[in-house]
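Fold and geometry: a report
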Amino acid sequence: MSLNHIRPWRNIYRRESRKIHVGNVPVGGDAPISVQTMTNTITSDVRATVEQVQRAAEAGADIVRVSVPDEASSKALKEIVRESPVPIVADIHFHYKRGIESAEAGAACLRINPGNIGDEKRVKEVINAARDHNCSIRIGVNAGSLEKHLLEKYGEPCPDAMVESGMDHIRILQDHDFHEFKISVKASDVFMAAAAYQQLADQTDAPIHLGITEAGGLMSGTIKSAIGLGNLLWMGIGDTIRVSLSADPVEEVKVGYEILKTLGLRHRGVNIISCPSCARQGFDVIKTVEALEKRLEHIKTPMSLSIIGCVVNGPGEALMTDVGFTGGGAGSGMVYLAGKASHKMSNDRMIDHIVEEVEKRAEVIEADQTPDAAE
Ligand code: SF4
């Protein structure tokens, strides 16, 4: 149950956007903010690509993008789409034929900039292929690849140039009576991306795909994305997100979810609240949290777990979590269930025990959510 009516400082009012579909995943309108990632395998290596798509989906990705740089990739796409548990977006640059082939191969969405694929006839062919195959389009403006005439007009990549580029591409789709599109205006510079997205949000009601491009490695990219995407999401901007990291796509999905979880926009899995630990800790908090993060990866039910070193903050945090453990003296601590002190548990058995308690609690939460559970 949302308690935001008594906690108004938590409310985020999402920008009103049109709803489109990427395969069976709604994007925009009142749809949950979806989490995307992109494979980094050679697309024509079907086995490796499908394996990566499946791992990303298992980690919670709602949509996965696959690069289609050549004909071998668009051929492979058919099998990848067939094996994938989530809709596949085909990433196309310049080659209009790859766009047509990808739509025919079953891609749920084409990431393509219609202004960059050649003359009117080619644009029309790609848009018709998308329409014929129920394929949406993402216009993907990137500060690093703006059109020459815009760079000449503005002197350098800037939010105005990015938004003008995006609106030009939108116009082309609208002129062809094509409206199943979303749009992104990415930059690696957080300020530029945030300014561009804010301007864009004022100029179109198309769903917005958020991303900070080339954000960096796991640590620096996570921080950059959390600041850039976090601020925009907090303003209510963004219908689908991709965190770009020089790391395993599974990490991108995890970071995407953490950002959405932090803002209360989406919930999945166990939200662990833990203290940094200090000399007062009754057990090794850091090692315990590391172990629990791994052991609880399989839980998809949204729930909270507090792991706190001592009674300074333990009982207070446990009041607000589904399961809690607070360190005590003499090698044991207190287990809290649904906010209430329940029983003592020795430190050496507590990890296995907490995993069991979390699993049990997840079952109860799931059962409570079944339609006939209220009676
Ligand atoms: S909760 Fe206790 S153990 Fe954890 S940081 Fe605070 S004082 Fe230290």
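Quick word on the overall build of the chain
If you tally the helices and strands in the chain, you get 12 helices and 15 strands. On the principal axes, the C-alpha backbone points of the chain span a range of 75 × 45 × 40 Å. Counting across all 375 residues of the chain, residues that qualify as buried make up 51%. Sequence-distant contacts in the chain: of pairs separated by 6 or more residues, those separated by 24 or more amount to 63%. Summing over all exposed atoms, the chain offers an accessible surface of approximately 18000 Å²; the carbon and sulfur share of this is 52%. Both charge centroids of the chain, one from 41 positive and one from 51 negative side chains, sit 1 Å from each other.

Description of the site of the ligand
Taken together, the residues surrounding the ligand are Cys275, Ser277, Cys278, Arg280, Gln281, Ile308, Gly309, Cys310, Val312 and Asn313. Across the shell around the ligand, the residue classes break down as five nonpolar, four polar and one charged.

Let's talk about the environment of Val53
Position of Val53 among the secondary structure elements: in helix α1 (residues 46-58). Separated by 16 residues in sequence, Val53 and Thr37 have C-alpha atoms that sit 8.9 Å apart. Beyond its immediate stretch of four places on either side in the chain, Val53 contacts Thr39, Val64, Ser84, Pro85, Val86 and Ile88.

Some words on the sheet that holds strand β15 (residues 340-346)
Taking strand neighbours across the sheet as the criterion, the five strands line up as β11-β12-β13-β14-β15 in an open arrangement whose pairing is mixed. Single-partner strands in this sheet number two, and they are β11 (270-274) and β15. On average, each strand axis in the sheet is tilted by 20° relative to the strand beside it, whichever way the strands run. One ladder, built from six bridges, connects strand β14 (residues 332-337) with β15; its direction is antiparallel. Opposite Tyr336, over in β15, you have Ala341 as the bridge partner.

What about the packing of helix α10 (residues 285-295) against helix α12 (residues 350-369)?
Axis separation between α10 and α12 bottoms out at 10 Å; the angle between their running directions is 40°. With respect to α12, the axis of α10 lies oblique. Viewed along their axes, α10 and α12 form a crossing whose handedness is right-handed. Here Thr288, Ala291, Leu292 and Arg295 of α10 lie close against α12, whose contacting residues are Met350, Ile351, Asp352, Ile354 and Val355. When grouped by side-chain class, the residues that make up the contact of α10 with α12 number six nonpolar, one polar and two charged.

Some words on the sheet that holds strand β6 (residues 109-111)
Taken in spatial order, the eight strands make up an open sheet running β8-β7-β6-β5-β4-β3-β10-β9, and their pairing is parallel. What marks the edges here is a single partner per strand, and that holds for β8 (181-186) and β9 (209-210). Bridge analysis of strand β3 (residues 34-38) against strand β4 (residues 63-67) gives three bridges, and the strand direction is parallel. Pairing of Met38 across the sheet is with Arg65, part of β4.

Thoughts on the pattern of salt bridges
Oppositely charged side chains may form a pair once their charged atoms are brought near each other. Tallied over the entire structure, the rule returns 22 salt bridges. Put simply, Arg18 and Asp205 hold a salt bridge, and the shortest N to O gap is 3.3 Å. Taken together, the residues span a long stretch of sequence, with Arg18 in the segment before β1 (20-22) and Asp205 in the loop between α7 (190-203) and β9 at a distance of 187 residues. With relative accessibility at 23%, the residue Arg18 sits in the partly exposed group. Salt-bridge contacts for Asp322 lead to Arg361; the nearest nitrogen and oxygen are separated by 3.5 Å.

Each value, and the rule that gives it
- Residues numbered from 1 in each chain as written.
- Predicted model: local features only at pLDDT ≥ 70, side-chain atom pairs only at ≥ 80, totals over all residues.
- Heavy atoms only, no water.
- Helix = DSSP H or I, 4+ residues; strand = E, 2+ residues; numbered from the N terminus.
- Buried < 20%, exposed > 50% of the residue type's maximum accessible area, 1.4 Å probe, protein only.
- Contact = heavy atoms within 4.5 Å.
- Areas by Shrake-Rupley, 256 points an atom, 1.4 Å probe, with all protein chains shown as cover.
- Lys, Arg positive; Asp, Glu negative; His and termini not counted.
- Charge placed at Lys NZ, Arg CZ, Asp CG, Glu CD.
- Near = heavy atom within 4 Å.
- Nonpolar A, V, L, I, M, F, W, Y, C, P; charged D, E, K, R; others polar.
- Pairing = 2+ DSSP bridges.
- Axes fitted to C-alpha atoms, helices over the stretch in contact; angles between N-to-C directions.
- Parallel < 35°, antiparallel > 145°, perpendicular 65-115°, else oblique.
- Left-handed = near helix turned anticlockwise from the far one by under 90°.
- Salt bridge = Lys/Arg side-chain N within 4 Å of Asp/Glu carboxyl O.

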